[in-house]
Structures are given as structure tokens and as C-alpha cells.
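A structural walkthrough
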Amino acid sequence: MIFGLLTLFVICLAGCSASHNDGVTDLRLFMLDSNEFKEYNFLWFPNTYTDSDTSGYRVLTEKISDDSIDKSKYEPIKEGETYRLKLFTVDWLVSASMLRWGSLGDYGAFVLEPDVLFWDSGKIMVKVYFSKDLKGRYVLKGKRKQ
């Protein structure tokens, strides 16, 4: 009985894990911005690949030193290229500090489009994605679509 309850508890914890919406997707990179956030690179993969498109995937990668990248496994990610990436998102708001408001103590808000609050007082308010295929400003070799 106790073993059964422990097993159910572990299953419930696994079901409540932080990662959701796992999936492999072909994405064309429109923009890579390393100047928006202190901790993250911001990659924008719009659905229609137009400047005015606000739908798509907002992907974050942690900023790391280029010296820590294994160049035999990774290559620089390039704007305009299409990649097959496995993405996941998390079920909580992501904390991030914006560089452009560093002098103001990161107070304030940033609106991505009319009526869509993107960032507010240190929290990213929209769904953002992450990928283990990406490291800093690099992508695993073999992920670029020909």
C-alpha cells in the first residue's frame, strides 16, 4: 500500500514537472539579440518570417563564453537560416533583467505589441521557449536544414 502511494506521488511529481510543450519544429531565425537581456540571448522565430509578425517562437539561451563551446559539436547560429530544433517551455514566468533599463534599476514594462505585455518588473510575461539544441549563440551541428 505504501509502495503504491509512493509510486503515485512520484508520477504526480513527474506530471507537474516544469517542462511542457516538447516538440521538434523547423524554424527560420529572423533575429538574434544579445543586447536585450543580461542573462539571455533572445532568438525570434516568427511564423511568417516578416518584421510585423508577432506570432511564432521566442527562444532564450543562456549567455555563455564563446571559449566554453565545443566547436567540433556546435556552429554559430545565423539569421535567415532554418533549423530543426526541439523546443520546450516552462510553466512559470521567467525572471530576466533587461540591459536597456539597467540604469533605471530594471523597473518598468515592455510591450511587445498592442495589449501584449512582454516584460514587467523582472518577469517575462509571455510564453518563451528553450532548447537543448542551442548553447549560447551556437546550435548543434546537423540542426541546420539544407
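See the structure shown above.
1. Focus on the side chain of S131
Along the chain, S131 falls in the loop between strand 11 (129–130) and strand 12 (134–135). Polar side-chain contacts of S131 include one of 3.1 Å to the backbone nitrogen of D133. Contacts of S131, omitting those with residues within four sequence positions, involve L85, K86, L87 and F88.

2. Some words on the packing of aromatic side chains
With the rule as written, the count across this model stands at six aromatic pairs. When the ring of Y57 is compared with that of Y129, the centres are 5.1 Å apart and the planes differ by 65°; the resulting orientation is edge-to-face. One end of the pair, Y57, is in strand 4 (residues 56–62); the other, Y129, is in strand 11, with 72 residues separating them in the sequence. One aromatic cluster is present, built from ring pairs that chain together F37, F42 and F118.

3. Here we look at the sheet that holds strand 10 (residues 123–124)
Neighbouring strands of a sheet are bound in pairs by backbone hydrogen bonds; such pairs are parallel or else antiparallel. With respect to topology, four strands assemble into an open sheet ordered 7-10-9-8, the strand pairing being antiparallel. The open sheet has two free edges, formed respectively by strand 7 (94–95) and strand 8 (109–113), since each of these has just one partner strand. Judged from the two bridges that link them, strand 9 (residues 116–120) and strand 10 form a sheet pairing that is antiparallel. Note that in strand 10 the partner of W119 across the bridge is I124.

4. Some thoughts on the environment of L29
Structurally, L29 can be placed in the loop between strand 1 (19–28) and strand 2 (31–33). Taking the C-alpha atoms as reference, L29 lies 6.3 Å from T82; in sequence the two are 53 residues apart. Not counting the four nearest positions on each side in its chain, L29 is found in contact with L43, W44, F45, Y49, I77, K78, E79, G80 and E81.

5. Observations regarding the sheet that holds strand 5 (residues 74–76)
If you trace the three strands from one edge of the open sheet to the other, you get 5-13-12, paired in antiparallel fashion. Of all strands in the sheet, those with a lone pairing partner are strand 5 and strand 12, marking the two edges.

6. Here's the deal with the environment of I77
Along the polypeptide, I77 turns up in the loop between strand 5 and strand 6 (82–90). Expressed as a C-alpha distance, the spacing of I77 and G136, which sit 59 residues apart in the sequence, is 9.3 Å. The residues touching I77, leaving out its near neighbours within four places in the chain, are L29, L32, L43, F45, Y83, L134, R137, Y138 and V139.

The rules behind the values
- Residues numbered from 1 in each chain as written.
- Predicted model: local features only at pLDDT ≥ 70, side-chain atom pairs only at ≥ 80, totals over all residues.
- Heavy atoms only, no water.
- Helix = DSSP H or I, 4+ residues; strand = E, 2+ residues; numbered from the N terminus.
- Polar contact = N/O pair within 3.5 Å; in protein donor to acceptor, adjacent residues only side chain to side chain.
- Contact = heavy atoms within 4.5 Å.
- Phe/Tyr/Trp six-rings, centres within 6.5 Å; stacked < 30°, edge-to-face > 60°.
- Pairing = 2+ DSSP bridges.

So, to be careful, I would describe these as geometric facts and stop short of saying anything about function.
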